[in-house]
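Now for the letters of each chain:
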Amino acid sequence: MPAVRRVIDASVRDLQAGDYSPAEIDASLKTVFTTDTQLIADGTYFLAFSESGELAGCGGWSKRKTLYGGDSQVEKIEPELLNPATDAAKVRAIFVHPDFARMGLGSLILKAAEDAAVAAGFRSFEMGSTLTGMKLYKLKGYREVERAQVPVGNGEHIEIVKMVKHA
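How each quantity is defined
- Residues numbered from 1 in each chain as written.
- Predicted model: local features only at pLDDT ≥ 70, side-chain atom pairs only at ≥ 80, totals over all residues.
- Heavy atoms only, no water.
- Helix = DSSP H or I, 4+ residues; strand = E, 2+ residues; numbered from the N terminus.
- Rg over C-alpha atoms; globule rule 2.2 N^0.38 Å.
- Buried < 20%, exposed > 50% of the residue type's maximum accessible area, 1.4 Å probe, protein only.
- Contact = heavy atoms within 4.5 Å.
- Areas by Shrake-Rupley, 256 points an atom, 1.4 Å probe, with all protein chains shown as cover.
- Lys, Arg positive; Asp, Glu negative; His and termini not counted.
- Charge placed at Lys NZ, Arg CZ, Asp CG, Glu CD.
- Pairing = 2+ DSSP bridges.
- Phe/Tyr/Trp six-rings, centres within 6.5 Å; stacked < 30°, edge-to-face > 60°.
- Expected span 1.5 Å × (residues − 1).
- Salt bridge = Lys/Arg side-chain N within 4 Å of Asp/Glu carboxyl O.

Caption draft 1: The overall build of the protein chain, seen in detail. Helices and strands together make up the secondary structure of the protein chain, namely five helices and six strands. Along the protein chain, helices and strands appear, N-terminal first, in the series α-α-α-β-β-β-α-β-α-β-β. In terms of overall dimensions, the protein chain is globule-like: its C-alpha atoms have a radius of gyration of 15 Å, near the 15 Å expected for 167 residues. Overall, the C-alpha framework of the protein chain stretches about 40 × 40 × 30 Å when taken along its three principal axes. For the protein chain, buried positions account for 48% of its 167 residues. When contacts within the protein chain are restricted to residue pairs at least 6 apart in sequence, those whose partners lie at least 24 apart make up 65%. Just so you have it, the protein chain exposes about 8,300 Å², and 52% of that area is on carbon and sulfur atoms. Of the charged side chains in the protein chain, 20 are positive and 22 negative, and the gap between their average positions amounts to 5 Å.

Take a look at the structure:
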């Protein structure tokens with residue numbers, strides 16, 4: 001868990017600095033951009049390691065209603081299970097350490113999450129993307145459906161983009 005937290009922190013502070021203010025990033029790292037132990041417990045969270053064994057990225061998908069966030073998020077967590085026949089799997093918590101950014105690792109984690117969700121019976125995906133992640137997700141076939149201001153604590157909000165894709 002400490003290594004996952006370090007990857008998330010480095011990813012958000014470095015890669016998202018062009019899209020969110022320092023105050024938004026600081027608040028988000030205490031609430032929305034945290035580890036999500038439910039994904040780990042469900043076995044739907046993946047870790048990617050460098051050739052030297054260093055944790056380089058993480059992310060996954062969820063079979064639960066919560067669209068984004070982690071254990072400490074401000075908004076209510078919705079742990080109810082989704083119905084694969086009618087609901088979209090939630091792609092969640094994809095972070096890449098800046099030292100490994102733009103090498104295809106985010107795409108690899110995304111594909112692993114999508115493939116696992118399809119194997120579990122899901123036929124579509126949705127996510128709450130950061131502004132930073134939108135470019136990648138659009139390239140991978142996701143389309144924007146709405147934007148929302150998400151509370152992250154300390155009176156701060158960040159813009160999250162709901163995106164969807166069919167398998």
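Additional details are given in the paragraphs that follow.
Caption draft 2: Fine view of the pairing of strand β5 (residues 143–153). Relative to strand β6 (residues 156–166), β5 runs antiparallel, the two sharing nine bridges. Across the sheet, the residue bridging to Arg 143 is Val 164, located in β6. With antiparallel pairing between neighbouring strands as the criterion, β5 and β6 make up a hairpin whose turn holds two residues, including Asn 154 at a positive phi of roughly 55°.

Caption draft 3: Fine view of the packing of aromatic side chains. Tallying each qualifying case throughout the model produces three aromatic pairs. When the ring of Phe 33 is compared with that of Phe 95, the centres are 5.8 Å apart and the planes differ by 80°; the resulting orientation is edge-to-face. Note that Phe 33 is positioned in the loop between α2 (22–28) and α3 (37–42) and Phe 95 in strand β3 (residues 89–96), a separation of 62 residues in sequence. Phe 95 carries the same exposure label as Phe 33, and that label is buried.

Caption draft 4: Fine view of helix α1 (residues 2–15). With 14 residues, α1 ought to run about 20 Å at 1.5 Å a step, and its terminal C-alpha atoms sit 20 Å apart, in line with that. Along α1, the positions that sit buried rather than exposed are Val 4, Val 7, Ile 8, Ala 10, Ser 11 and Val 12. Taken together, the buried residues of α1 touch α2, β1 (45–49), β2 (55–62) and β3.

Caption draft 5: Structural context of the pattern of salt bridges. Taken as a whole and assessed by the stated rule, the structure comprises 10 salt bridges. A salt bridge links Asp 9 to Arg 13; the shortest N-O distance between them is 3.2 Å. Here Arg 13 and Asp 9 lie together in helix α1, a separation of four residues that amounts to about one turn. Classification of Arg 13 by relative accessible area gives partly exposed; the value is 41%. Close ionic contact of Arg 147 with Glu 144 constitutes a salt bridge, the shortest N to O distance being 2.7 Å. For Glu 144, a relative accessible area of 32% puts it in the partly exposed group.

Caption draft 6: Representation of the environment of Phe 33. Accessibility expressed as a relative area gives 7% for Phe 33, which makes it buried. A sequence separation of 19 residues divides Phe 33 from Asp 14, and the C-alpha atoms of the two residues are 13 Å apart. Apart from the residues lying within four places of it in its own chain, the contact partners of Phe 33 are Ile 8, Val 12, Gln 16, Ser 28, Phe 95, Thr 130 and Ile 158.

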